[in-house]
Amino acid sequence: MGSVPDMRAVVYSKLGDSSVLELVERDVPEPHWGEVRVRLGVAGVNPTDWKFRAGATASSLPFPEISPGQDGAGVVDAVGNGVSGVSVGDRVWVLLAQHDRPIGTASEYTVVPAEQAVRLPGSASYDVGASLGVPAMTAHRALTIHEDGPSRLGTGTLDGRTVLVTGGAGAVGHAAIQLAAWAGATVVTTISSDEKAALAAAAGAHHVVNYRSDDAAAQIKSLAPDGIDLVVDVAIIQNAGLVAEVLKPRGAIAAYANTGGTEVTLTVREFMRLNARLQFVLLYTMGDAAAHAGIEDVTAAVADGALEVGEEHGLPMLRYPLEETAAAHDAVENGAVGKVLIDVADLD
Ligand SMILES: NC(=O)c1ccc[n+]([C@@H]2O[C@H](COP(=O)([O-])OP(=O)(O)OC[C@H]3O[C@@H](n4cnc5c(N)ncnc54)[C@H](OP(=O)(O)O)[C@@H]3O)[C@@H](O)[C@H]2O)c1
């Protein structure tokens, strides 16, 4: 590394609210064996970024300084030894950039293992690329945990299945609707407002149910009289009862969030009666096989135009410049509707 500061990065060196974030200049990092360096155009912000920074998921900083952000998109501008499959000049989407690493995507450059910089197919935009990582990989994992499969997603792999996505206007919910619909499932989703209903429908949900104002379980049962095969769930603490009412025997629930609490109560008899499978999902510990499958299938869905973003596709873009990363974190923490993006650099 040279001694001249030559990239802008937003960093923090202690846990806390978003005021710990500051814009600094740092040396551009060098890729080592098996790594690539990506010049970022757009970064995606997820709840995991502010939760980690705030100390909700970490008790101390694993590095003296962290630039936050798991997701982003940009251009490979340097490769380390031993790298194949991705080259300088490739447009890529980046995942897990800050996982066990100090420099995430709120930075002009990040360095990641080569398999975490994935070529963007065709003319897919950096906005799409920066919206993939955490949401789409989590959604992919959630959609592939049923005991009867599929373990991979592609067109037709969920034909004949009915999937319930709770919270369909959320970032993960949006990706789950898009991936499930692309794979051929009938998609039912729950939302809490007319605005969110319109977004979930724009994402491709076939049926939309307001879980606050309607009798959600009765509505879902009338929409899916044979029951739900698979639930992609954002709020199992609140939704366990609903799920037990609508699930098909031998159905599965993928629970990926602890929304609104820490402990869940299940009616054992009901879930036993159903031979139900409850699968908890965490991106960071899903294992290599699920991660590789997710990367390949998500990229294939992008190539098919199935993971588009923007309000017309059910995911409004909320943009912040790099120097306003703190405001971007606050927007996600405060439940922004849509995808919060950071414009890092204009690469086009
Ligand atoms: N396990 C993992 O690997 C993983 C990966 C990604 C995200 N997460 C977690 O998943 C959660 C969501 O992430 P996100 O990025 O999708 O956040 P988001 O964009 O803010 O979406 C959250 C959604 O949940 C909905 N919701 C809340 N309570 C609900 C309920 N009882 N029933 C139905 N929907 C409900 C919200 O809608 P309303 O407010 O209108 O209900 C909102 O649309 C966060 O807690 C995040 O940390 C976990």
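Now for a description of the structure that goes with this document.

Quick notes on the rules
Residues numbered from 1 in each chain as written. Predicted model: local features only at pLDDT ≥ 70, side-chain atom pairs only at ≥ 80, totals over all residues. Heavy atoms only, no water. Helix = DSSP H or I, 4+ residues; strand = E, 2+ residues; numbered from the N terminus. Contact = heavy atoms within 4.5 Å. Near = heavy atom within 4 Å. Polar contact = N/O pair within 3.5 Å; in protein donor to acceptor, adjacent residues only side chain to side chain. Areas by Shrake-Rupley, 256 points an atom, 1.4 Å probe, with all protein chains shown as cover. Nonpolar A, V, L, I, M, F, W, Y, C, P; charged D, E, K, R; others polar. 1 Å grid on protein atoms, 1.4 Å probe; cavity = no way out; pocket = protein on both sides within 12 Å on 5 of 7 lines; lining within 4 Å. Points joined across faces, edges and corners; volume = space filled by probe spheres on them. Phe/Tyr/Trp six-rings, centres within 6.5 Å; stacked < 30°, edge-to-face > 60°. Lys NZ or Arg CZ within 6 Å of the ring centre and 35° of its normal. Core = buried A, V, L, I, M, F, W, Y, C linked by side-chain atoms within 4.5 Å. Buried < 20%, exposed > 50% of the residue type's maximum accessible area, 1.4 Å probe, protein only. Axes fitted to C-alpha atoms, helices over the stretch in contact; angles between N-to-C directions. Parallel < 35°, antiparallel > 145°, perpendicular 65-115°, else oblique. Left-handed = near helix turned anticlockwise from the far one by under 90°.

### Notes on the environment of V11
Following the sequence through the fold, V11 ends up in strand 1 (residues 7-11). Spatially, the C-alpha atom of V11 lies 6.5 Å from that of L23, the residues being 12 residues apart in sequence. Excluding its chain neighbours within four sequence positions, the residues that come into contact with V11 are V20, L21, E22, V24, E65, I66 and S67.

### Focus: the site of the ligand
Near the ligand, the surroundings consist of 24 residues, among which K51, S192, K196, Y211 and L283 are the closest. K51 places a side-chain nitrogen or oxygen 2.7 Å from an oxygen atom of the ligand. Note that a nitrogen atom of the ligand is positioned 3.4 Å from one of the backbone N or O atoms of G167. With the chains in place, 83% of the 910 Å² that the ligand exposes on its own is no longer accessible. Breaking the shell around the ligand down by element, the ones donating at least two residues are helix 1 (47-54), helix 3 (133-142), helix 4 (171-182) and helix 7 (236-246). Partitioned by chemical class, the residues of the shell around the ligand number 13 nonpolar, 8 polar and 3 charged.

### Digging into empty space enclosed by the protein
One pass over the full model with this rule turns up 2 cavities of 30 Å³ or more. Reported here for the largest cavity is a volume of approximately 80 Å³. The wall of the largest cavity is formed by S131, L132, P135, A136, A171, H174, A175, Q178, L307, V309, L315 and K339. The set of elements that each furnish at least two residues to the lining of the largest cavity consists of helix 3 and helix 4. Among the elements that make up the lining of the largest cavity, the one with the highest residue count is helix 4 (4 residues). Classifying every residue of the lining of the largest cavity gives 8 nonpolar, 3 polar and 1 charged. The wall of the second largest cavity is formed by A43, G44, V45, D49, P68, G69, T105, A106, T325, H329 and I342. Residue assignment for the lining of the second largest cavity shows that the elements contributing at least two residues are strand 3 (35-44) and helix 10 (325-333).

### Brief notes about the packing of aromatic side chains
Enumeration according to the criterion identifies 0 aromatic pairs in this entry. Its guanidinium or amino end placed over the ring of Y126, R91 lies 4.6 Å from that ring's centre, counting from NZ or CZ.

### Digging into the layout of surface pockets
Put simply, the second largest pocket is a space of about 320 Å³. Surrounding the second largest pocket, 17 residues form its lining, L96, H99, Q116, D288 and A291 being those nearest its centre. Ranked by the residues each element gives to the lining of the second largest pocket, the list is headed by helix 9 (residues 288-303), at 4 residues. Grouping the amino acids of the lining of the second largest pocket by side-chain chemistry returns 9 nonpolar, 5 polar and 3 charged.

### Topic: the nonpolar core
Among the nonpolar cores identified, the biggest contains 56 residues, and W93, L132, L143, V163, L179 and V232 are the most heavily contacted of them. The element best represented in this core is helix 4, accounting for 7 residues. Apart from residues lying up to four places away in sequence, L132 is in contact with D71, W93, M137, V298, V302 and L307. Within the second largest apolar cluster, 32 residues are counted, among which are V10, V20, L322 and V332.

### Some details on helix 3
Counting along an α-helix, one turn takes 3.6 residues, and residues three or four places apart therefore face a common direction. The buried fraction of helix 3 is high, at 10 of 10 residues. Residues of helix 3 that are buried include every one of G133, V134, P135, A136, M137, T138, A139, H140, R141 and A142, and no others.

### Some points on the packing of helix 3 against helix 4
How two helices sit against one another is set out by the angle between their axes and by the gap between those axes. Between helix 3 and helix 4, the least distance of the axes is 8 Å, while the angle of their chain directions is 55°. Classified by the angle their axes make, helix 3 and helix 4 are oblique. Note on packing geometry: the crossing formed by helix 3 with helix 4 is right-handed. For the pair helix 3 and helix 4, contact is made by P135, A136, T138, A139 and H140 and by A171, V172, A175, A176 and L179, respectively. Grouping the constituent residues of the contact of helix 3 with helix 4 by class yields 8 nonpolar, 2 polar and no charged.

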